[in-house]
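Here is what each chain is made of, one letter per residue.
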Amino acid sequence: VHCLEKVRVIPNKRLVCRGSWRGADVFIKFFTATKTAYRDFQREVAGSDGLKQHNISTAQRVYQGVLTEQRAYLVIYRSIQPALDLDDAWQAATENQRHDLLCKLTRVVAQHHLEGLSQQDMHLRNFIISEEVIYTLDAADIRMRKAGLNKRESFANLIQLFALISPVHDCLIRQALTLYIQIRGWRSSDSQCDAFMIEVEKNRQIKKEKYLRKVFRESSAFVSRRSLREFTVCDRLLDGQDLRQLLNNPDARMEKGEIIKQGNTCTIASVTSDVGKLIIKRYNVKGYRHALRRAFARTRAAISWSNAHRLQLYQISAAHPVALLERCFGPVHFQSYLVMGEVTGPTCWEFFRDPGIAMEDKRNVAGAIGELFKRLVFHKISHGDMKASNFVIHDNQPVLLDLDAMREHMYLSGFKSAHARDL
(Lines give C-alpha, C1' and ligand atoms only; values in the text may rest on other atoms or scores of the structure.)
Protein backbone atom coordinates (compact mmCIF):
# COMPACT_ATOMS: atom_id res chain seq x y z
CA VAL A 1 0.00 0.00 0.00
CA HIS A 2 1.34 3.45 -0.94
CA CYS A 3 0.45 6.44 1.25
CA LEU A 4 0.48 9.65 -0.80
CA GLU A 5 -1.03 12.27 1.50
CA LYS A 6 -1.90 12.68 5.18
CA VAL A 7 -5.60 13.48 5.55
CA ARG A 8 -5.98 13.46 9.33
CA VAL A 9 -3.57 13.00 12.21
CA ILE A 10 -4.64 12.31 15.79
CA PRO A 11 -1.30 12.14 17.64
CA ASN A 12 -0.48 8.74 19.15
CA LYS A 13 -3.91 7.42 18.20
CA ARG A 14 -4.86 7.46 14.52
CA LEU A 15 -3.50 8.38 11.10
CA VAL A 16 -5.64 8.63 7.96
CA CYS A 17 -3.94 8.74 4.55
CA ARG A 18 -4.96 8.94 0.93
CA GLY A 19 -3.09 6.43 -1.21
CA SER A 20 -3.21 3.55 -3.68
CA TRP A 21 -3.50 -0.22 -3.29
CA ARG A 22 -3.58 -2.77 -6.12
CA GLY A 23 -4.10 0.02 -8.66
CA ALA A 24 -7.09 1.55 -6.86
CA ASP A 25 -7.41 4.90 -5.08
CA VAL A 26 -7.95 4.20 -1.39
CA PHE A 27 -8.06 5.73 2.07
CA ILE A 28 -6.02 4.00 4.76
CA LYS A 29 -6.74 4.24 8.48
CA PHE A 30 -3.88 3.32 10.83
CA PHE A 31 -4.70 2.70 14.50
CA THR A 32 -1.49 3.39 16.42
CA ALA A 33 -2.43 3.90 20.10
CA THR A 34 -0.29 1.62 22.27
CA LYS A 35 -3.07 0.37 24.54
CA THR A 36 -6.29 0.91 22.58
CA ALA A 37 -5.29 0.32 18.93
CA TYR A 38 -6.86 -3.15 18.73
CA ARG A 39 -10.07 -1.99 20.41
CA ASP A 40 -10.38 1.00 18.02
CA PHE A 41 -9.61 -1.30 15.06
CA GLN A 42 -12.36 -3.72 16.12
CA ARG A 43 -14.85 -0.86 16.50
CA GLU A 44 -13.98 0.41 13.03
CA VAL A 45 -14.59 -3.00 11.42
CA ALA A 46 -17.77 -3.61 13.44
CA GLY A 47 -19.13 -0.13 12.61
CA SER A 48 -18.38 -0.63 8.92
CA ASP A 49 -20.17 -4.00 8.99
CA GLY A 50 -23.14 -2.46 10.83
CA LEU A 51 -23.59 0.30 8.24
CA LYS A 52 -23.40 -2.22 5.40
CA GLN A 53 -25.80 -4.62 7.13
CA HIS A 54 -28.44 -1.88 7.47
CA ASN A 55 -28.01 -0.70 3.84
CA ILE A 56 -26.60 2.68 4.85
CA SER A 57 -24.30 4.16 2.21
CA THR A 58 -20.65 4.01 3.33
CA ALA A 59 -17.20 3.49 1.80
CA GLN A 60 -16.39 -0.06 0.66
CA ARG A 61 -13.90 -1.78 2.99
CA VAL A 62 -11.38 -3.75 0.90
CA TYR A 63 -8.83 -4.85 3.51
CA GLN A 64 -8.17 -5.01 7.23
CA GLY A 65 -5.07 -6.30 8.96
CA VAL A 66 -2.13 -5.70 11.25
CA LEU A 67 1.38 -4.33 10.76
CA THR A 68 3.25 -6.59 13.17
CA GLU A 69 6.57 -4.72 13.11
CA GLN A 70 5.03 -1.30 13.73
CA ARG A 71 2.41 -2.73 16.12
CA ALA A 72 -0.38 -0.91 14.29
CA TYR A 73 -3.68 -2.02 12.78
CA LEU A 74 -5.02 -0.77 9.47
CA VAL A 75 -8.26 -0.66 7.50
CA ILE A 76 -8.36 0.20 3.79
CA TYR A 77 -11.41 1.73 2.10
CA ARG A 78 -12.00 2.25 -1.60
CA SER A 79 -12.07 5.97 -2.40
CA ILE A 80 -15.44 7.48 -3.38
CA GLN A 81 -15.01 9.80 -6.36
CA PRO A 82 -16.07 12.47 -7.01
CA ALA A 83 -16.85 13.42 -3.42
CA LEU A 84 -16.99 16.43 -1.13
CA ASP A 85 -17.24 16.31 2.64
CA LEU A 86 -20.44 17.89 3.94
CA ASP A 87 -18.64 20.72 5.73
CA ASP A 88 -17.04 21.92 2.48
CA ALA A 89 -20.29 21.35 0.57
CA TRP A 90 -22.17 23.40 3.19
CA GLN A 91 -19.72 26.31 2.98
CA ALA A 92 -19.94 26.42 -0.83
CA ALA A 93 -23.75 26.09 -1.01
CA THR A 94 -26.42 28.75 -1.45
CA GLU A 95 -29.24 29.02 1.11
CA ASN A 96 -31.58 26.86 -1.02
CA GLN A 97 -28.84 24.27 -1.53
CA ARG A 98 -28.18 24.23 2.22
CA HIS A 99 -31.86 23.50 2.83
CA ASP A 100 -31.71 20.51 0.46
CA LEU A 101 -28.40 19.34 1.92
CA LEU A 102 -29.68 19.47 5.51
CA CYS A 103 -32.86 17.61 4.55
CA LYS A 104 -30.82 14.83 2.90
CA LEU A 105 -28.54 14.60 5.94
CA THR A 106 -31.55 14.52 8.28
CA ARG A 107 -32.99 11.55 6.36
CA VAL A 108 -29.65 9.71 6.66
CA VAL A 109 -29.43 10.37 10.42
CA ALA A 110 -33.07 9.29 10.86
CA GLN A 111 -32.21 6.03 9.08
CA HIS A 112 -29.29 5.54 11.50
CA HIS A 113 -31.56 6.02 14.50
CA LEU A 114 -34.34 3.79 13.17
CA GLU A 115 -31.78 0.98 12.76
CA GLY A 116 -30.37 1.51 16.26
CA LEU A 117 -27.14 3.19 15.12
CA SER A 118 -25.72 6.40 16.60
CA GLN A 119 -22.62 8.37 15.58
CA GLN A 120 -20.75 9.26 18.79
CA ASP A 121 -18.67 11.96 17.09
CA MET A 122 -21.35 13.83 15.20
CA HIS A 123 -19.63 16.11 12.70
CA LEU A 124 -20.27 17.31 9.14
CA ARG A 125 -16.86 15.98 8.07
CA ASN A 126 -18.00 12.47 9.02
CA PHE A 127 -20.29 12.55 5.98
CA ILE A 128 -19.44 13.00 2.31
CA ILE A 129 -21.68 13.61 -0.68
CA SER A 130 -21.13 12.07 -4.10
CA GLU A 131 -23.61 12.28 -6.97
CA GLU A 132 -26.41 13.39 -4.59
CA VAL A 133 -25.80 10.41 -2.24
CA ILE A 134 -24.60 11.03 1.34
CA TYR A 135 -22.12 8.48 2.67
CA THR A 136 -21.39 7.91 6.38
CA LEU A 137 -17.73 7.74 7.44
CA ASP A 138 -15.76 7.20 10.68
CA ALA A 139 -17.25 3.81 11.49
CA ALA A 140 -15.16 3.48 14.69
CA ASP A 141 -17.52 5.93 16.38
CA ILE A 142 -20.68 4.10 15.36
CA ARG A 143 -22.51 2.45 18.27
CA MET A 144 -25.12 -0.22 17.53
CA ARG A 145 -28.24 -1.38 19.36
CA LYS A 146 -30.77 -4.06 18.52
CA ALA A 147 -33.72 -1.64 18.63
CA GLY A 148 -34.14 1.89 17.30
CA LEU A 149 -33.17 4.87 19.45
CA ASN A 150 -35.89 6.38 21.61
CA LYS A 151 -36.85 10.06 21.41
CA ARG A 152 -34.49 11.25 24.16
CA GLU A 153 -31.49 9.42 22.68
CA SER A 154 -32.36 10.49 19.13
CA PHE A 155 -32.71 14.16 20.03
CA ALA A 156 -29.46 14.11 22.04
CA ASN A 157 -27.59 12.76 19.00
CA LEU A 158 -29.32 15.19 16.65
CA ILE A 159 -28.51 18.15 18.93
CA GLN A 160 -24.79 17.33 18.64
CA LEU A 161 -25.03 17.60 14.86
CA PHE A 162 -27.19 20.73 14.64
CA ALA A 163 -25.04 22.53 17.25
CA LEU A 164 -22.24 22.58 14.65
CA ILE A 165 -24.33 24.72 12.31
CA SER A 166 -24.24 28.50 12.73
CA PRO A 167 -27.29 30.01 14.49
CA VAL A 168 -27.68 32.17 11.37
CA HIS A 169 -29.29 29.05 9.88
CA ASP A 170 -31.62 28.22 12.80
CA CYS A 171 -34.66 28.44 10.52
CA LEU A 172 -33.22 25.61 8.40
CA ILE A 173 -32.57 23.56 11.54
CA ARG A 174 -36.19 23.96 12.62
CA GLN A 175 -37.37 22.73 9.20
CA ALA A 176 -34.98 19.77 9.38
CA LEU A 177 -36.23 18.91 12.88
CA THR A 178 -39.82 18.92 11.64
CA LEU A 179 -38.80 16.56 8.81
CA TYR A 180 -37.01 14.25 11.27
CA ILE A 181 -40.06 14.06 13.56
CA GLN A 182 -42.27 13.22 10.54
CA ILE A 183 -39.90 10.41 9.47
CA ARG A 184 -39.94 8.96 12.98
CA GLY A 185 -43.75 9.17 13.11
CA TRP A 186 -43.86 11.35 16.22
CA ARG A 187 -46.15 14.27 17.01
CA SER A 188 -44.59 17.72 16.60
CA SER A 189 -45.32 20.86 18.63
CA ASP A 190 -43.94 24.40 18.83
CA SER A 191 -42.98 23.98 22.49
CA GLN A 192 -41.02 20.82 21.66
CA CYS A 193 -39.15 22.62 18.86
CA ASP A 194 -38.40 25.60 21.14
CA ALA A 195 -37.01 23.31 23.85
CA PHE A 196 -34.91 21.49 21.25
CA MET A 197 -33.42 24.77 19.93
CA ILE A 198 -32.56 25.89 23.49
CA GLU A 199 -30.56 22.65 23.92
CA VAL A 200 -28.88 23.23 20.54
CA GLU A 201 -27.73 26.68 21.70
CA LYS A 202 -26.42 25.29 25.01
CA ASN A 203 -24.49 22.63 23.09
CA ARG A 204 -23.04 25.31 20.80
CA GLN A 205 -21.66 27.22 23.76
CA ILE A 206 -20.07 24.07 25.19
CA LYS A 207 -18.52 23.16 21.82
CA LYS A 208 -17.25 26.72 21.30
CA GLU A 209 -15.50 26.86 24.69
CA LYS A 210 -14.04 23.39 24.12
CA TYR A 211 -12.74 24.38 20.67
CA LEU A 212 -11.21 27.67 21.88
CA ARG A 213 -9.28 25.68 24.52
CA LYS A 214 -8.26 23.13 21.89
CA VAL A 215 -6.50 25.77 19.73
CA PHE A 216 -3.80 26.04 22.43
CA ARG A 217 -2.94 22.33 22.70
CA GLU A 218 -1.79 19.33 20.67
CA SER A 219 -4.59 17.85 18.58
CA SER A 220 -5.46 16.61 15.10
CA ALA A 221 -5.60 20.26 13.94
CA PHE A 222 -2.70 21.80 15.88
CA VAL A 223 0.92 21.11 16.76
CA SER A 224 1.92 22.43 20.18
CA ARG A 225 5.33 22.62 21.90
CA ARG A 226 5.96 23.91 25.41
CA SER A 227 9.16 24.38 27.36
CA LEU A 228 10.20 26.47 30.36
CA ARG A 229 11.15 29.40 28.11
CA GLU A 230 8.84 29.06 25.10
CA PHE A 231 5.36 28.09 23.97
CA THR A 232 4.38 27.57 20.33
CA VAL A 233 1.26 26.29 18.61
CA CYS A 234 0.66 26.14 14.85
CA ASP A 235 -1.72 24.85 12.22
CA ARG A 236 -0.82 21.19 11.67
CA LEU A 237 -1.53 21.39 7.94
CA LEU A 238 1.09 24.15 7.58
CA ASP A 239 3.65 22.71 10.00
CA GLY A 240 7.02 22.06 8.33
CA GLN A 241 10.74 22.72 8.52
CA ASP A 242 10.52 26.27 7.14
CA LEU A 243 7.78 27.32 9.58
CA ARG A 244 9.73 25.81 12.49
CA GLN A 245 12.83 27.75 11.43
CA LEU A 246 10.72 30.93 11.30
CA LEU A 247 9.42 30.31 14.83
CA ASN A 248 12.93 29.57 16.12
CA ASN A 249 14.04 33.08 15.07
CA PRO A 250 11.14 35.27 13.93
CA ASP A 251 13.13 38.51 14.35
CA ALA A 252 15.71 37.41 11.75
CA ARG A 253 12.95 36.55 9.26
CA MET A 254 11.25 39.90 9.90
CA GLU A 255 14.51 41.76 9.15
CA LYS A 256 14.72 39.98 5.78
CA GLY A 257 11.06 40.71 4.99
CA GLU A 258 9.16 43.94 4.34
CA ILE A 259 8.36 46.02 7.42
CA ILE A 260 4.74 47.17 7.19
CA LYS A 261 4.47 48.89 10.56
CA GLN A 262 7.11 49.92 13.09
CA GLY A 263 5.32 51.10 16.21
CA ASN A 264 5.80 51.22 19.96
CA THR A 265 3.18 48.58 20.66
CA CYS A 266 3.82 46.25 17.72
CA THR A 267 5.97 45.61 14.67
CA ILE A 268 4.45 44.01 11.57
CA ALA A 269 6.39 42.46 8.70
CA SER A 270 5.49 40.58 5.51
CA VAL A 271 7.73 37.55 4.88
CA THR A 272 7.95 34.70 2.39
CA SER A 273 7.77 31.04 3.39
CA ASP A 274 7.23 27.56 1.95
CA VAL A 275 3.49 27.92 2.64
CA GLY A 276 3.17 31.34 0.94
CA LYS A 277 3.26 34.95 2.08
CA LEU A 278 2.91 35.38 5.84
CA ILE A 279 2.45 38.33 8.19
CA ILE A 280 4.42 38.30 11.44
CA LYS A 281 3.15 40.59 14.17
CA ARG A 282 5.52 41.11 17.12
CA TYR A 283 3.97 42.64 20.22
CA ASN A 284 6.63 44.92 21.70
CA VAL A 285 7.35 45.59 25.36
CA LYS A 286 7.40 49.37 25.81
CA GLY A 287 9.31 49.46 29.09
CA TYR A 288 9.82 47.98 32.54
CA ARG A 289 6.39 48.97 33.88
CA HIS A 290 4.61 47.72 30.76
CA ALA A 291 6.52 44.42 30.96
CA LEU A 292 5.58 44.01 34.62
CA ARG A 293 1.91 44.77 33.92
CA ARG A 294 1.75 42.26 31.05
CA ALA A 295 3.95 39.56 32.62
CA PHE A 296 1.18 37.42 34.12
CA ALA A 297 -1.66 38.47 31.78
CA ARG A 298 -2.67 36.63 28.65
CA THR A 299 -0.50 37.87 25.78
CA ARG A 300 -2.04 40.00 23.04
CA ALA A 301 -0.81 37.46 20.49
CA ALA A 302 -2.71 34.70 22.33
CA ILE A 303 -5.85 36.88 22.41
CA SER A 304 -5.57 37.51 18.65
CA TRP A 305 -4.93 33.79 18.01
CA SER A 306 -8.03 32.83 19.96
CA ASN A 307 -10.16 35.55 18.33
CA ALA A 308 -9.07 34.55 14.80
CA HIS A 309 -10.29 31.01 15.47
CA ARG A 310 -13.47 32.39 17.04
CA LEU A 311 -14.23 34.27 13.81
CA GLN A 312 -13.48 31.15 11.75
CA LEU A 313 -15.94 29.25 13.92
CA TYR A 314 -18.59 31.90 13.22
CA GLN A 315 -17.69 32.03 9.49
CA ILE A 316 -16.63 35.69 9.68
CA SER A 317 -13.80 36.57 7.28
CA ALA A 318 -10.42 37.14 8.95
CA ALA A 319 -6.79 36.40 8.10
CA HIS A 320 -5.94 32.72 8.61
CA PRO A 321 -4.09 32.09 11.92
CA VAL A 322 -0.90 30.10 11.20
CA ALA A 323 1.15 30.11 14.43
CA LEU A 324 1.53 31.62 17.90
CA LEU A 325 4.86 32.04 19.72
CA GLU A 326 5.29 33.20 23.31
CA ARG A 327 8.65 33.85 24.97
CA CYS A 328 8.35 33.21 28.68
CA PHE A 329 9.88 31.92 31.87
CA GLY A 330 7.33 29.54 33.28
CA PRO A 331 4.11 31.55 33.72
CA VAL A 332 5.86 34.92 33.16
CA HIS A 333 5.52 36.25 29.59
CA PHE A 334 8.14 38.49 27.96
CA GLN A 335 7.31 38.76 24.27
CA SER A 336 4.79 37.27 21.85
CA TYR A 337 4.45 36.80 18.09
CA LEU A 338 1.47 36.03 15.89
CA VAL A 339 1.88 34.56 12.39
CA MET A 340 -1.05 34.96 9.98
CA GLY A 341 -1.65 34.28 6.32
CA GLU A 342 -1.24 37.44 4.26
CA VAL A 343 -4.47 38.85 2.83
CA THR A 344 -3.90 40.70 -0.43
CA GLY A 345 -5.96 43.67 -1.51
CA PRO A 346 -6.53 47.36 -0.76
CA THR A 347 -7.66 48.58 2.63
CA CYS A 348 -11.22 49.79 2.98
CA TRP A 349 -9.89 53.38 2.92
CA GLU A 350 -8.06 52.82 -0.38
CA PHE A 351 -10.84 50.80 -2.00
CA PHE A 352 -13.60 53.41 -1.63
CA ARG A 353 -11.32 56.26 -2.76
CA ASP A 354 -10.11 54.51 -5.91
CA PRO A 355 -11.77 56.23 -8.92
CA GLY A 356 -10.92 53.21 -11.09
CA ILE A 357 -13.32 50.93 -9.18
CA ALA A 358 -16.90 50.86 -10.46
CA MET A 359 -19.59 52.30 -8.19
CA GLU A 360 -21.54 49.03 -8.44
CA ASP A 361 -18.55 47.11 -6.98
CA LYS A 362 -18.30 49.68 -4.19
CA ARG A 363 -22.01 49.24 -3.39
CA ASN A 364 -21.58 45.44 -3.28
CA VAL A 365 -18.59 45.70 -0.93
CA ALA A 366 -20.47 48.19 1.28
CA GLY A 367 -23.29 45.64 1.48
CA ALA A 368 -20.80 42.89 2.36
CA ILE A 369 -19.41 45.06 5.18
CA GLY A 370 -22.97 45.51 6.40
CA GLU A 371 -23.44 41.71 6.42
CA LEU A 372 -20.17 41.31 8.35
CA PHE A 373 -21.45 43.78 10.96
CA LYS A 374 -24.73 41.84 11.17
CA ARG A 375 -22.78 38.69 12.03
CA LEU A 376 -20.75 40.53 14.66
CA VAL A 377 -23.99 41.83 16.19
CA PHE A 378 -25.59 38.37 16.04
CA HIS A 379 -22.72 36.91 18.11
CA LYS A 380 -22.37 40.00 20.37
CA ILE A 381 -18.79 40.64 19.23
CA SER A 382 -17.12 44.04 19.44
CA HIS A 383 -13.89 44.70 17.56
CA GLY A 384 -12.46 47.47 19.73
CA ASP A 385 -10.28 49.10 17.04
CA MET A 386 -12.65 49.63 14.13
CA LYS A 387 -10.95 51.75 11.47
CA ALA A 388 -10.78 51.60 7.69
CA SER A 389 -7.22 50.20 7.62
CA ASN A 390 -8.38 47.14 9.61
CA PHE A 391 -10.55 46.05 6.69
CA VAL A 392 -8.82 44.55 3.63
CA ILE A 393 -10.95 44.06 0.52
CA HIS A 394 -9.98 40.68 -0.95
CA ASP A 395 -11.89 39.42 -4.02
CA ASN A 396 -14.55 42.06 -3.32
CA GLN A 397 -15.10 40.72 0.21
CA PRO A 398 -14.07 42.48 3.45
CA VAL A 399 -11.57 40.68 5.69
CA LEU A 400 -11.24 41.83 9.31
CA LEU A 401 -7.76 42.39 10.77
CA ASP A 402 -6.17 43.37 14.12
CA LEU A 403 -8.12 41.24 16.59
CA ASP A 404 -6.29 41.75 19.90
CA ALA A 405 -8.97 44.14 21.24
CA MET A 406 -11.90 42.02 20.05
CA ARG A 407 -14.39 40.70 22.64
CA GLU A 408 -17.38 38.40 22.65
CA HIS A 409 -19.78 39.82 25.23
CA MET A 410 -21.88 37.75 27.59
CA TYR A 411 -24.37 40.54 28.33
CA LEU A 412 -26.28 42.65 25.84
CA SER A 413 -25.83 45.89 27.80
CA GLY A 414 -22.02 45.73 27.65
CA PHE A 415 -22.12 44.77 23.99
CA LYS A 416 -24.39 47.67 23.00
CA SER A 417 -22.01 50.36 24.26
CA ALA A 418 -18.94 48.60 22.75
CA HIS A 419 -20.77 48.16 19.42
CA ALA A 420 -21.77 51.84 19.40
CA ARG A 421 -18.07 52.74 19.69
CA ASP A 422 -17.29 50.35 16.80
CA LEU A 423 -19.92 51.99 14.61
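Our subject is the structure that appears above.
First, a word on what this report is: a plain description of the structure on this page. (Residues numbered from 1 in each chain as written. Predicted model: local features only at pLDDT ≥ 70, side-chain atom pairs only at ≥ 80, totals over all residues. Heavy atoms only, no water.)

## Thoughts on the overall build of the protein
Then comes step 1: Of regular secondary structure, the protein possesses 13 helices and 21 strands.
Then comes step 2: Against the compact-globule benchmark of 22 Å for 423 residues, the protein has a radius of gyration of 24 Å, which places it among compact chains.
Then comes step 3: Considered along the principal axes of its C-alpha atoms, the protein spans approximately 65 × 60 × 45 Å.
Then comes step 4: The buried share among the 423 residues of the protein stands at 45%.
Then comes step 5: Contacts in the protein between residues at least 24 apart in sequence constitute 59% of all its contacts with a sequence separation of at least 6.
Then comes step 6: As presented, the protein carries roughly 22,500 Å² of accessible surface, and 51% of it is formed by carbon and sulfur atoms.
Then comes step 7: Side chains of the protein give 63 positive and 46 negative charges; the mean places of these two sets differ by 7 Å. (Helix = DSSP H or I, 4+ residues; strand = E, 2+ residues; numbered from the N terminus. Rg over C-alpha atoms; globule rule 2.2 N^0.38 Å. Buried < 20%, exposed > 50% of the residue type's maximum accessible area, 1.4 Å probe, protein only. Contact = heavy atoms within 4.5 Å. Areas by Shrake-Rupley, 256 points an atom, 1.4 Å probe, with all protein chains shown as cover. Lys, Arg positive; Asp, Glu negative; His and termini not counted. Charge placed at Lys NZ, Arg CZ, Asp CG, Glu CD.)

## Comments concerning the pairing of strand β5 (residues 72–78)
Strand residues, when the strand is regular, have side chains that alternate between the two faces of the sheet.
Then comes step 1: β5 sits mainly inside the fold: 5 of its 7 residues count as buried.
Then comes step 2: Looking at chain direction, strand β3 (residues 24–31) and β5 are connected through 6 bridges and run antiparallel. Its bridge partner being in β5, Phe 27 is matched across the sheet by Tyr 77.
Then comes step 3: For strand β4 (residues 61–67) and β5, the ladder comprises 6 bridges, and the chain directions are antiparallel. Bridging from a neighbouring strand, Val 66 pairs with Tyr 73 of β5.
Then comes step 4: In this structure, the hairpin formed by β4 and β5 is closed by a connection of 4 residues, where Arg 71 is found at a positive phi of approximately 55°. (Pairing = 2+ DSSP bridges.)

## Notes on the nonpolar core
Then comes step 1: In this structure, Leu 102, Leu 105, Phe 127, Phe 162 and Phe 196 are the most contacted members of the largest nonpolar core, which totals 31 residues.
Then comes step 2: Contributions of two or more residues to this core are made by α2 (86–92), α3 (95–114), β8 (127–130), α4 (151–162), α5 (170–184) and α6 (190–214).
Then comes step 3: Not counting the four nearest positions on each side in its chain, Phe 162 is found in contact with Leu 102, Thr 106, Ile 173, Ala 176, Leu 177, Phe 196, Val 200 and Arg 204.
Then comes step 4: With 30 residues, the next largest nonpolar core counts Phe 231, Trp 305, Leu 400 and Met 406 among its residues. (Core = buried A, V, L, I, M, F, W, Y, C linked by side-chain atoms within 4.5 Å.)

## Some points on the sheet that holds strand β6 (residues 84–85)
Sheets are built from strands that pair by backbone hydrogen bonding, the pairs being arranged parallel or antiparallel.
Then comes step 1: Read across the sheet, 3 strands follow the order β6-β8-β9 without closing on themselves; strand pairing throughout is antiparallel. The open sheet has two free edges, formed respectively by β6 and β9 (133–136), since each of these has just one partner strand.
Then comes step 2: Strand direction decides the pairing type here: β8 and β9, joined by 4 bridges, are antiparallel. Within β9, the position partnered with Ser 130 by the bridge is Val 133.
Then comes step 3: Contacting β8 and β9, α3 runs over the sheet at an angle of about 45° to β9. (Axes fitted to C-alpha atoms, helices over the stretch in contact; angles between N-to-C directions.)

## Notes on the pattern of salt bridges
Then comes step 1: Taken as a whole, this structure holds 30 salt bridges when the rule is applied.
Then comes step 2: Linking Asp 40 and Arg 39 is a salt bridge whose minimum nitrogen-to-oxygen distance equals 3.1 Å.
Then comes step 3: By relative accessible area, Asp 40 is classed as buried at 7%.
Then comes step 4: A salt bridge links Asp 87 to Arg 125, with the shortest nitrogen-to-oxygen separation between them at 3.1 Å. Note that Asp 87 is positioned in helix α2 and Arg 125 in the loop between β7 (117–119) and β8, a separation of 38 residues in sequence.
Then comes step 5: Overlapping salt bridges, with partners in common, bring together Arg 14, Lys 29, Glu 44 and Asp 138 in one network. (Salt bridge = Lys/Arg side-chain N within 4 Å of Asp/Glu carboxyl O.)

## A word on unusual backbone geometry
Then comes step 1: A cis amide bond links Gln 81 to the next residue, Pro 82, at an omega of -10°.
Then comes step 2: With respect to the element layout, Pro 82 can be found in the loop between β5 and β6.
Then comes step 3: Of note in the backbone geometry, Asn 55 takes a positive phi value of approximately 60° without being a glycine.
Then comes step 4: Along the polypeptide, Asn 55 turns up in the loop between α1 (37–53) and β4.

## Topic: the packing of aromatic side chains
Then comes step 1: Counted according to the given criterion, the structure contains 12 aromatic pairs.
Then comes step 2: Among the aromatic side chains, those forming a connected cluster through ring pairs are Phe 155, Phe 162, Tyr 180, Trp 186 and Phe 196.
Then comes step 3: A cation over a ring is seen here: Arg 353 above Trp 349, with NZ or CZ 3.6 Å from the ring centre. (Phe/Tyr/Trp six-rings, centres within 6.5 Å; stacked < 30°, edge-to-face > 60°. Lys NZ or Arg CZ within 6 Å of the ring centre and 35° of its normal.)

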